[in-house]
Amino acid sequence: MAAPLLQAHVDIDAPASNVWALISDLRRMPQWSPQCRWMRPFGPLRQGTRTLNFNRRNRLFWPTTCTVVEVIPEQKLAFRVDANHTIWSYELEPNGPGTRLIESRHAENGVTAFSSMSINVALGGTTNFECELVEGMQTSLAKIKAAAEST
């Protein structure tokens, strides 16, 4: 069974506007995520925008589609992975002169049976895969932090 919430955060010495500029450009997701290799939105960033994505883990490649479910500029960006119904989000909070960026994977309503089976068969089981997802979040946040602080 999928964990209801996976989450990681990082404190960034940059204003929310700089961080938002990085995460709201969905085409840049492969720069941050160790699993995402390609992400293309169909239209401008807004609630309802759909994306086509290609993910990779070692030699395994798979496509996904997502739907943007929430956009609050400089505060929150969230999208639903259509195949498994999880919601991935980035939330920005003021943190002194900088920004705290929180990345989350929400599965409070579980995931699809197909997703659970696929994870167990091809990705080493739920526990291992979720540990890998949290490590990926930490990697993504570190890359976003480095990019935001270098501008």
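Residues numbered from 1 in each chain as written. Predicted model: local features only at pLDDT ≥ 70, side-chain atom pairs only at ≥ 80, totals over all residues. Heavy atoms only, no water.

A word on the packing of helix α1 (residues 16-23) against helix α4 (residues 126-149)
Contact geometry of α1 with α4 gives a least axis separation of 9 Å together with a crossing angle of 125 degrees. Taken together, the axes of α1 and α4 lie oblique to each other. The two elements α1 and α4 meet at a crossing, and its hand is right-handed. Two secondary-structure elements touch here, α1 through N18, V19, L22 and I23 and α4 through I144, A147 and A148. Residue classes in the contact of α1 with α4 are distributed as six nonpolar, one polar and no charged. (Axes fitted to C-alpha atoms, helices over the stretch in contact; angles between N-to-C directions. Helix = DSSP H or I, 4+ residues; strand = E, 2+ residues; numbered from the N terminus. Parallel < 35°, antiparallel > 145°, perpendicular 65-115°, else oblique. Left-handed = near helix turned anticlockwise from the far one by under 90°. Contact = heavy atoms within 4.5 Å. Nonpolar A, V, L, I, M, F, W, Y, C, P; charged D, E, K, R; others polar.)

Considering empty space enclosed by the protein
Scanning the entire structure with this criterion turns up one cavity of 30 Å³ or more. Put simply, the largest cavity is a space of about 40 Å³. What lines the largest cavity is A2, R105, V111, S116, I119, T126 and E130. When its residues are assigned to classes, the lining of the largest cavity shows three nonpolar, two polar and two charged. (1 Å grid on protein atoms, 1.4 Å probe; cavity = no way out; pocket = protein on both sides within 12 Å on 5 of 7 lines; lining within 4 Å. Points joined across faces, edges and corners; volume = space filled by probe spheres on them.)

Here's the deal with the nonpolar core
One recurring pattern in soluble globular proteins is that nonpolar side chains are buried together. Counting 34 residues, the largest nonpolar core has I12, M29, L101 and I144 as its most contacted members. If you list the elements that add at least two residues to this core, you get β1 (5-12), α1, α2 (29-32), β2 (36-42), β4 (60-72), β5 (76-81), β6 (87-95) and α4. Sequence-distant contacts of L101, defined by excluding residues within four places in its chain, comprise A8, H9, V10, I12, V19, I23, Y90, E91, L92, L141 and I144. (Core = buried A, V, L, I, M, F, W, Y, C linked by side-chain atoms within 4.5 Å. Buried < 20%, exposed > 50% of the residue type's maximum accessible area, 1.4 Å probe, protein only.)

Things to note about the sheet that holds β1
In space, the seven strands of this open sheet follow the order β1-β7-β6-β5-β4-β3-β2, with antiparallel pairing throughout. Only two strands of the sheet have a single neighbouring strand rather than two, namely β1 and β2. The average angle at which neighbouring strand axes cross in this sheet is 20 degrees, direction not considered. As judged from the eight bridges shared by strand β3 (residues 50-57) and β4, these two strands associate in the antiparallel manner. Residue L52 lies in a different strand from β4, and its bridge partner there is T65. Contacts between α1 and the sheet are confined to β1, β4, β5, β6 and β7 (98-106), with β6 contributing the most and set at about 165 degrees to the helix. Its contacts with the sheet put α4 on β1, β3, β6 and β7, and the angle it makes with β1 is roughly 20 degrees. (Pairing = 2+ DSSP bridges.)

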